[in-house]
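# Notes for the structure review
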Amino acid sequence: MGYEALDFYDVDSLLTDEERMIRDAVRDWVDESVIPKIENACREGVFLDEWRQELGGMGILGAPLKGYGCPGLSYTAYGVICRELERGDSGIRSFASVQGSLAMYPIWDFGSEEQKEKYLPKMASGELIGCFGLTEPDYGSNPGDMVTKAEEDDDHYILNGAKMWITNGTIADLAVVWAKLDGVIRGFIVEKGDEGFSAPEMKGKHSLKASVTSELVFQDCKIPKDRILPGVKGLRGPFSCLNNARFGISWGAVGAAQSCFDSARSYAMSRIQFDHPIAAYQLVQNKLAWMLREITKAQLLAYHLGVKKDSGEWVPEHISLAKMNNVDIALEIARVARDIHGANGILDEYPVMRHMANLESVKTYEGTHDIHNLILGRHITGIQAFTREA
Amino acid sequence: MKVAVLIKQVPDTTARISISGGLVDEGSISKWTISPYDEYALEAALKLQSESGAKVVAITLGPQRSSKSLIDAAAVGADELMHVLYEGDTGSLSLQSALAAAVRKSEADIVLAGKQAADTNSGSTAPGVAQMLGLPCVGLVSEVKVVDGNFVATRSTSSGMERVSVNGPCVFAFDKGDEELRRPNVRGIMMAKKKPIESLSPADLGVSMEDGGVNVESVGYPPEKPAGQTFQGAASASEVVTKLREEANVI
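Below, the structure is looked at part by part. Source: prediction; values computed, not measured.

### Here's the deal with the packing of helix α3 (residues 92–106) of chain B against helix α4 (residues 125–133) of chain B
Residues and elements named next belong to chain B. Packing of α3 against α4 leaves a shortest axis separation of 9 Å and a crossing angle of 60°. With respect to α4, the axis of α3 lies oblique. At the point where α3 passes α4, the crossing takes the right-handed sense. Contacts from Leu-93, Gln-96, Ser-97, Leu-99, Ala-100, Val-103 and Arg-104 of α3 reach α4 at Thr-125, Gly-128, Val-129, Met-132 and Leu-133. Looking at side-chain class alone, the contact of α3 with α4 contains seven nonpolar, four polar and one charged residues.

Structure follows, in structure tokens:
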């Protein structure tokens, strides 16, 4: 039996015809090109290059961006794409999120005309891979205190510092790096092969194993002056990228949860204990009903956030709520799904433990669960609680 | 050159089918799709488009919902879309007449279709349309190319592959091909939305749907498989061998 996406309230009937066609195209691609290969890719710890090519070929990278060879879709369509990709694996969705929202978006919004024309068409087609360097070894939730800095040197900038937990880092052709120039955070485009730049891969992950995670190291890294993003100063730059990526994650988490539900339901229907399928027992039904309830709420949250994003009537706190809630329930659904699968749940024959391990990362990256609570706390009370200093 | 592809919308092969009153309950089908063999025909038509500059016209016959299969065809590159809109049930003869009339109207030079539809499995459409158009029909085709002005088709036979050449208009019925089916990309999907669908009734084509020819009386589930039998121990070996030989006919 093929994958059946849980859609109890028929939320997808609210999508446009084109959004549904894009959903079907991405879903079919995941069935054919991700599901049969993902476990092996995880075991080997690789992101398959054919995925890059095929994602580019489908024309879904940088989905909501317009012009410069980008697809120009709605944010809702972008969300649908993220959901379908993450039904396959969070690592695949991470690749698309980073490429589109974190690397292409800042060039598209803050880059010079020359930068847009040079990079965006090739990034949309998957020919060039991008990554995003904000987090540092000692500055995760507090990126404003980053130590990576840029200095002017004749017709060049010299970058020094290190970034960590960078998705796509080692395989990237270019990195959008945030560094302080005279104490002000600015964005810089660093290309693979630039003098003084290296991107060693971080090994030993128990999560997002089919995604490349790297450090970015800058040792007197010399880049031409025209690689600075002229259009933005301060944390607004990286944060506007993160808003878009977090939006995609709020949809993506629904896909991972749907995958876990699908597997748990079919396992519960076929696993016989005490002469009956375990789905016939109240405790298991209670778990499945809870999953259905939370997925349905998460779908509605993601869909309405898509409507708001497309109409422009949104605030970052809306995205915080959806990212936090949907990843939180997806992770819990993955855990309960693993429980329903019994011992089989730990095997890679079923997707649940892989999703569970992935979602542990997703809960932490792009603004941790707790930080999103603090963002909402500040919204409710007007009092920021990130730092003890005023 | 113009290539017509006949496309039928069928329940997805993974969709659950339920039967009510001797007929498939269409309301219970969650997903419709282009019949798989028709997809191979469409892929072959799109190859003729890219290699020989052919124009591809996708033609379907069916209720309103089946226009989705034309939009799907447009998303992968079909140039023109024609929908013979017919909501009712009728026999294969009427369907073939209407499709033949549509092909005539499209002014296509050749016709590509699946060898059979995934739902009815009857396999009569391509030869039937060929008969009505007075054209030859080549079946079980996996590839069609234009070579020196002729259509050269590859087809599988019981002993290997056969290459046949046709020097004029023809209907080709497709088996599973070797070509990987192309996937729609976002650009194609967005373009498909703008492509007009020429919607025609059978009456517009001068066809009556009254004289159906072959009509499906009813459908039913396949008989349930009998319960399996279990044998244990070496003593049962001869009994198992007898059953495998005489009942299962596998040794």
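### A word on the pattern of salt bridges
The final tally for this structure, using the stated rule, is 39 salt bridges over all chains. Two residues, A:Arg52 and A:Asp49, come together in a salt bridge whose shortest N-O distance is 2.7 Å. Highlighted residues: A:Arg52 and A:Asp49, both in helix α2 (residues 49–58), separated by three residues, approximately one helical turn. Under the relative-accessibility criterion, A:Asp49 is labelled partly exposed at 41%. With a closest N to O distance of 2.8 Å, B:Arg155 and B:Glu162 form a salt bridge. Each of A:Asp12, A:Arg23, A:Asp24, A:Arg27, A:Arg83 and A:Glu84 takes part in one network of salt bridges that share partners.

### Some thoughts on the interface of chain A and chain B
Each partner contributes to the interface: chain A provides 19 residues, whereas chain B provides 15 residues. Each partner contributes to the roughly 1,400 Å² buried at the junction of chain A and chain B, and carbon and sulfur atoms together form 63% of this total. Taken together, the connections running from chain A to chain B amount to three salt bridges. When the shortest N-O distance is used, the salt bridge between A:Glu32 and B:Arg183 registers 3.4 Å. At the junction of chain A and chain B, the tally comes to three residue pairs in polar contact (both at pLDDT 80 or more). Secondary-structure elements contributing two or more residues to the side of chain A that touches chain B are α1 (17–44) and α2 of chain A. For the side of chain A that touches chain B, the element with the highest residue contribution is α1(A), accounting for nine residues.

### Some details on the side chain of A:Glu136
Residue and element names in this part refer to chain A. Within the element layout of this structure, Glu-136 appears in the loop between β3 (130–133) and β4 (149–153). Only 2.8 Å separates the side chain of Glu-136 from the backbone nitrogen of Val-147, close enough to count as a polar contact. Those residues in contact with Glu-136 that lie beyond four places of it in its chain are Met-146, Val-147, Thr-148, Ala-162, Lys-163 and Met-164.

### As for the nonpolar core
In terms of nonpolar packing, the biggest core is built from 94 residues, with B:Leu112 and B:Phe172 touching the most fellow members. With ten residues, the top contributor of residues to this core is α1(A). Once residues lying within four places of it in the same chain are set aside, the contact partners of B:Phe172 are B:Ile110, B:Val111, B:Leu112, B:Ala113, B:Val138, B:Val141, B:Val144, B:Phe151, B:Ala153 and B:Val166. With 34 residues, the next largest nonpolar core counts A:Phe261, A:Ala330, A:Ile340 and A:Val352 among its residues.

### Description of α2(A)
Those residues of α2(A) not exposed but buried are A:Trp51, A:Arg52, A:Leu55, A:Gly56 and A:Met58. Here the buried residues of α2(A) occupy an arc of 165° about the axis, which is enough to place them on one side. Where α2(A) is buried, its residues touch α1, α3 (75–88), α4 (90–110) and α5 (113–124) of chain A together with α5 (186–194) of chain B. Two residues or fewer past α2(A), A:Gly59 is found with a positive phi of approximately 75°.

### A look at a nonpolar patch on the surface
A cluster of nonpolar side chains, namely B:Ile17, B:Val24, B:Val216 and B:Val219, defines an oily patch on the protein surface of about 290 Å² accessible area. Mapping B:Val219 onto the fold places it in the loop between β13 (197–200) and α6 (237–246).

### Some thoughts on the sheet that holds strand β9 (residues 137–147) of chain B
Residue and element names in this part refer to chain B. With respect to topology, nine strands assemble into an open sheet ordered β11-β10-β9-β12-β8-β1-β6-β7-β13, the strand pairing being mixed. Of all the strands in the sheet, just β11 (160–166) and β13 have a single pairing partner and so form its edges. Pairs of neighbouring strands in the sheet enclose a mean axial angle of 30°, with direction left out of account. Where β9 lies against strand β10 (residues 150–157), six bridges are found, and the strand directions are antiparallel. Bridging across to β10, Val-144 finds its partner in Ala-153.

### Some details on the packing of aromatic side chains
All names here are of chain A. Taken as a whole and assessed by the stated rule, the structure comprises 14 aromatic pairs over all chains. Summarising the aromatic geometry, the rings of Tyr-75 and Phe-247 are spaced 5.7 Å apart at their centres and angled 85° between planes, so their arrangement reads as edge-to-face. With Tyr-75 in helix α3 and Phe-247 in helix α6 (residues 236–270), this pair connects stretches of sequence that are 172 residues apart. The class for Tyr-75 is buried, based on a relative accessible area of 15%. Relative accessible area serves as the criterion here: at 0%, Phe-247 is assigned to the buried category.

What counts and what doesn't
- Residues numbered from 1 in each chain as written.
- Chains lettered and ligands numbered in written order.
- Predicted model: local features only at pLDDT ≥ 70, side-chain atom pairs only at ≥ 80, totals over all residues.
- Heavy atoms only, no water.
- Axes fitted to C-alpha atoms, helices over the stretch in contact; angles between N-to-C directions.
- Helix = DSSP H or I, 4+ residues; strand = E, 2+ residues; numbered from the N terminus.
- Parallel < 35°, antiparallel > 145°, perpendicular 65-115°, else oblique.
- Left-handed = near helix turned anticlockwise from the far one by under 90°.
- Contact = heavy atoms within 4.5 Å.
- Nonpolar A, V, L, I, M, F, W, Y, C, P; charged D, E, K, R; others polar.
- Salt bridge = Lys/Arg side-chain N within 4 Å of Asp/Glu carboxyl O.
- Buried < 20%, exposed > 50% of the residue type's maximum accessible area, 1.4 Å probe, protein only.
- Buried area = accessible area lost by both parts, 1.4 Å probe.
- Polar contact = N/O pair within 3.5 Å; in protein donor to acceptor, adjacent residues only side chain to side chain.
- Core = buried A, V, L, I, M, F, W, Y, C linked by side-chain atoms within 4.5 Å.
- Arc of directions from axis to C-beta.
- Patch = residues over 30% accessible without salt bridge, like charges linked within 9 Å, V, L, I, M, F, W, Y side chains within 5 Å.
- Areas by Shrake-Rupley, 256 points an atom, 1.4 Å probe, with all protein chains shown as cover.
- Pairing = 2+ DSSP bridges.
- Phe/Tyr/Trp six-rings, centres within 6.5 Å; stacked < 30°, edge-to-face > 60°.

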